[in-house]
Amino acid sequence: MTTSTQGNASKRKGAPPAVLVLEDGRVFRGRAYGAVGETFGEAVFSTGMTGYQETLTDPSYDRQIVVATAPQIGNTGWNEEDDESSRIWVSGYVVRDPARVPSNWRATRSLDDALVDQGVVGISGIDTRALTRHLRERGSMRSGIFSGEAIATDAELVARVQAQPHMKGASLYEEVATKEAYVVPAVGEKKFTVAAIDLGIKGMTPHRMAERGIEVHVLPATATEDDIYAIAPDGVFFSNGPGDPATADGPVALMTAVLKRRTPLFGICFGNQILGRALGFGTYKLKYGHRGINQPVQDRTTGKVEVTAHNHGFAVDAPLDRVTETPFGRVEVSHVCLNDDVVEGLQLLDQPGFSVQYHPEAAAGPHDAAYLFDRFTSLMSTVPMEGQRA
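Each chain has its residues counted from 1, running along the sequence as written. Since the coordinates come from a predicted model, pLDDT governs what is reported: local features require at least 70, and pairs of side-chain atoms require 80 or more to be given and counted, while whole-chain, interface and lining totals use all residues. The basis for every side-chain value is the complete set of heavy atoms in the structure, and neither hydrogens nor water enter the calculation.

Identification of the chain as Carbamoyl phosphate synthase small chain from Streptomyces adustus is taken from an unreviewed UniProt entry. Reading the Subunit (unreviewed entry) entry of the UniProt record for the chain gives the comment "Composed of two chains; the small (or glutamine) chain promotes the hydrolysis of glutamine to ammonia, which is used by the large (or ammonia) chain to synthesize carbamoyl phosphate. Tetramer of heterodimers (alpha,beta)4." UniProt positions are given in the numbering used here, feature names are shortened, and annotations may be inferred rather than shown by experiment. Under Sequence similarities (unreviewed entry), UniProt gives the following word-for-word description of the chain: "Belongs to the CarA family."

Participant: Looking at this structure, I do not really get the environment of E84. What am I missing?
Facilitator: By the criteria applied, helices consist of DSSP H or I runs no shorter than four residues and strands consist of E runs no shorter than two, each listed in order from the N terminus. Within the element layout of this structure, E84 appears in the loop between β6 (72–73) and β7 (92–94). Sequence separation between E84 and L56 is 28 residues, and the spatial gap between their C-alpha atoms is 8.5 Å.

Participant: Can you walk me through the nonpolar core in this structure?
Facilitator: The nonpolar side chains of soluble globular proteins are, as a tendency, buried together. Residues belong to one nonpolar core when they are buried, are Ala, Val, Leu, Ile, Met, Phe, Trp, Tyr or Cys, and are joined through side-chain atoms within 4.5 Å. Between buried and exposed lies partly exposed: a residue is buried under 20% and exposed over 50% of the maximum accessible area for its type, with that area taken using a 1.4 Å probe on protein chains only. Counting 33 residues, the largest nonpolar core has I197, I228, F238, L259, L279 and L346 as its most contacted members. Where this core is concerned, the elements lending two or more residues are β12 (192–197), α7 (225–229), β14 (235–238), α8 (249–261), α9 (270–278), β19 (329–337) and β20 (343–348). If one sorts the elements of this core by residue count, α8 sits on top with five residues. The residues contacting F238, other than those within four sequence positions of it, are I197, L199, P251, L254, M255, V258, F266, G267, I268, G271 and I274. The next biggest cluster of nonpolar side chains, apart from the first, holds 22 residues, and it includes A196, F237, V356 and F373. We call two residues in contact when some of their heavy atoms are within 4.5 Å.

Participant: How should the UniProt feature "domain: Carbamoyl-phosphate synthase small subunit N-terminal" (unreviewed entry) in the chain be read in this particular structure?
Facilitator: With numbering matched to this structure, UniProt assigns "domain: Carbamoyl-phosphate synthase small subunit N-terminal" (unreviewed entry) to residues 16–146. Helix makes up 18% of residues 16–146 and strand makes up 36%, while its end C-alpha atoms are separated by 10 Å.

Participant: What am I meant to see in the pairing of β12 here?
Facilitator: If a strand is regular, its side chains alternate between the two faces of the sheet. Counting buried residues in β12 gives six out of six residues, a clear majority hidden from the surface. Residue alternation in β12 divides its side chains into two sets, F192, V194 and A196 and T193, A195 and I197, and both sets are buried. Here β12 runs beside strand β13 (residues 214–219); their pairing, made up of six bridges, is parallel. Paired with T193 across the bridge in β13 is E215. Here, strands pair whenever DSSP counts at least two bridges between them.

Participant: Please explain the UniProt feature "binding site: L-glutamine" (unreviewed entry) in the chain as it appears in this structure.
Facilitator: Mapped onto the present numbering, the UniProt feature "binding site: L-glutamine" (unreviewed entry) falls at S60, G241, G243, F270, Q273, N311, G313 and F314. Taking the farthest pair of C-alpha atoms as the criterion, the annotated set spanning 255 residues converges on one region, since that pair is 13.3 Å apart. Within the element layout of this structure, G241 appears in the loop between β14 and α8. Once residues within four sequence positions are removed from consideration, G241 is found in contact with S60, L199, G200 and F270. If near-sequence neighbours (up to four positions away) are discounted, Q273 is found in contact with P245, T283, H312, F314, A315, V316 and Q357.

Participant: Sorry if this is basic, but what is going on with the pairing of strand β5 (residues 64–68) here?
Facilitator: In terms of burial, β5 is largely enclosed, as five of its five residues are buried. Burial along β5 is two-sided: the face carrying Q64, V66 and A68 and the face carrying I65 and V67 are both buried. Sheet analysis places strand β4 (residues 36–46) next to β5, joined by five bridges and oriented parallel. The partner of S46 across the bridge, within β5, is A68. In the sheet, β5 pairs with β7 via three bridges, with the strands oriented parallel. Residue V66 lies in a different strand from β7, and its bridge partner there is Y93.

Participant: Hey, could you run me through the domain arrangement of the chain in this one?
Facilitator: Interface size, as often reported, equals the accessible area lost upon joining of the parts. Source of the domain bounds: an automatic or database domain assignment. When cut into domains, the chain gives domain 1 (17–163) and domain 2 (172–382). Averaged C-alpha coordinates put domain 1 and domain 2 at centres separated by 28 Å. Every contact between the two is made by 24 residues of domain 1 and, on the other side, 23 residues of domain 2. Taking both partners together, domain 1 and domain 2 bury about 1900 Å²; carbon and sulfur atoms supply 46% of that area. Computed with a 1.4 Å rolling probe, the buried area is the accessible surface lost when two parts are put together, summed over both parts. Of all residues in domain 1, P59, S60 and E84 bury the most surface against domain 2, accounting for 27% of the area lost on that side. Each salt bridge in this description consists of a side-chain nitrogen of Lys or Arg and a carboxyl oxygen of Asp or Glu lying within 4 Å of one another. The tally of links from domain 1 across to domain 2 stands at two salt bridges. When the shortest N-O distance is used, the salt bridge between R63 and E175 registers 2.8 Å. Put simply, the parts of the chain that give the side of domain 1 that touches domain 2 at least two residues each are β4 and α3 (128–138). Three categories are distinguished: nonpolar for Ala, Val, Leu, Ile, Met, Phe, Trp, Tyr, Cys and Pro, charged for Asp, Glu, Lys and Arg, and polar for the others, with Gly belonging to the last. Looking at the side of domain 1 that touches domain 2, its residues break down into six nonpolar, nine polar and nine charged.

Participant: Sorry, what's going on with the pattern of salt bridges here?
Facilitator: Where charged atoms from two side chains of opposite charge come close, those side chains can pair. Tallied over the full model, the rule gives 20 salt bridges. One salt bridge connects R208 with E211, and the closest N-O pair in it is separated by 3.5 Å. What makes E211 partly exposed here is its relative accessible area of 39%. A salt bridge links E225 to R261; the shortest N-O distance between them is 2.8 Å.

Next comes the structure, spelled out in C-alpha cells:
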C-alpha cells in the first residue's frame, strides 16, 4: 500500500527526511527519493548492477520494497522503451547514492521523475550494505518507508509496519495480470501458436517467443481450459508472477488440465512453482530469495553453468538426487542454483514439458539462458498436433 504527495524530493534543495522501518524494529534514516509519503511492503534486495527500470516495472515485485545493492542508481535515467509492463510495480525503492543527473542518449527523464510521476515512495542516503546484511541474516521482512508528514515516532511506525500482511500466504497474481486477452504477433513467418497464461508476465517474454515465429495469445490469470484450447495452441506457457504459489489453486488446476492433454508446456518463475505443485511437489518461502541479474545456475542436462536473472522469494521442494514418479510420469530437477542448491528447473521425462525458476528472457541481461525459448519451439515441433488437443 502506498500513499504519496507528488513532489520531486531529491531535486529540491534539502530533500525532506525519510525513514525505512523494518518489522523487527531496525530503523534506517535518510532522505526522501521519488514521491513523498508512506508505503509498505516486503523488504527485499536485488543484486543487479544495472537494469533498474526493468526491475521496477516487473509485476513480480508487486508489494515489495526493493533495496538496490549497487551503490549508485539512476545514471542512465528512464526511457520509454525498457518497461516490462505498463507501470512501476514495486511498493517502494531504496538506494544509497542516486545520480544527480542522468547521462544516457536514450533517457527521456530521470529515475527520480519516473518515481514521482507514478507516486512511488523511496528513500536515499542510507547504508544499503548494512541493510542487505541485515536482511540476509534475519530474512526478508515487512517494512515501510515514511517521509514528510508521514513520519511519526519509531514505535508508532514499527507498529504500523507490523500491522501489514505477510508475503507468505499472499495471493497477488490476479491483481497484476491482464484483464483482457491480447495477441503478440509472430515476427516474420508464423510457425506456432502459444497460449500464455499471464500471472504477472514481463513484456520481453512474448517478444522472445515472437522472435522465434510464435504468435502469442496472452490470456488472463482467470482463463479456463476452454479458453486455452479455443485458440488451438501448439504449446502453453505459464508466466512469472508475485505472491505465494501455495495460494494459486486456480493456475495449478489449469496446469493439471494442460498436463492431462499432454500439450507442450513451458513455465517461468511462478510458472515453475505452479508446475511443481501440479506434479505433487510442495513449495516454500526462501529466507531472503534470489533477486538480481548475476545468479549462477547449472543446467544439469548439459553441465553448463549460466549467469541468470532472478526474482523469486519462493521455491519448489523437489529432490535433487533422483528422478521422481508423478501422476504425469517421471520428472527430474533440470537446473539448480549453485549458491544454495535451490531447485531452478523441472523437466518432464515422459511427456513434453519443462520449467525454470529464473528469467531466460532476461531484459537488461544476461542472455545465457535464451536457448530455453529454442528448446520450447523444438518441443512443439516434435509433438503431433492431434496429441496436443485431444
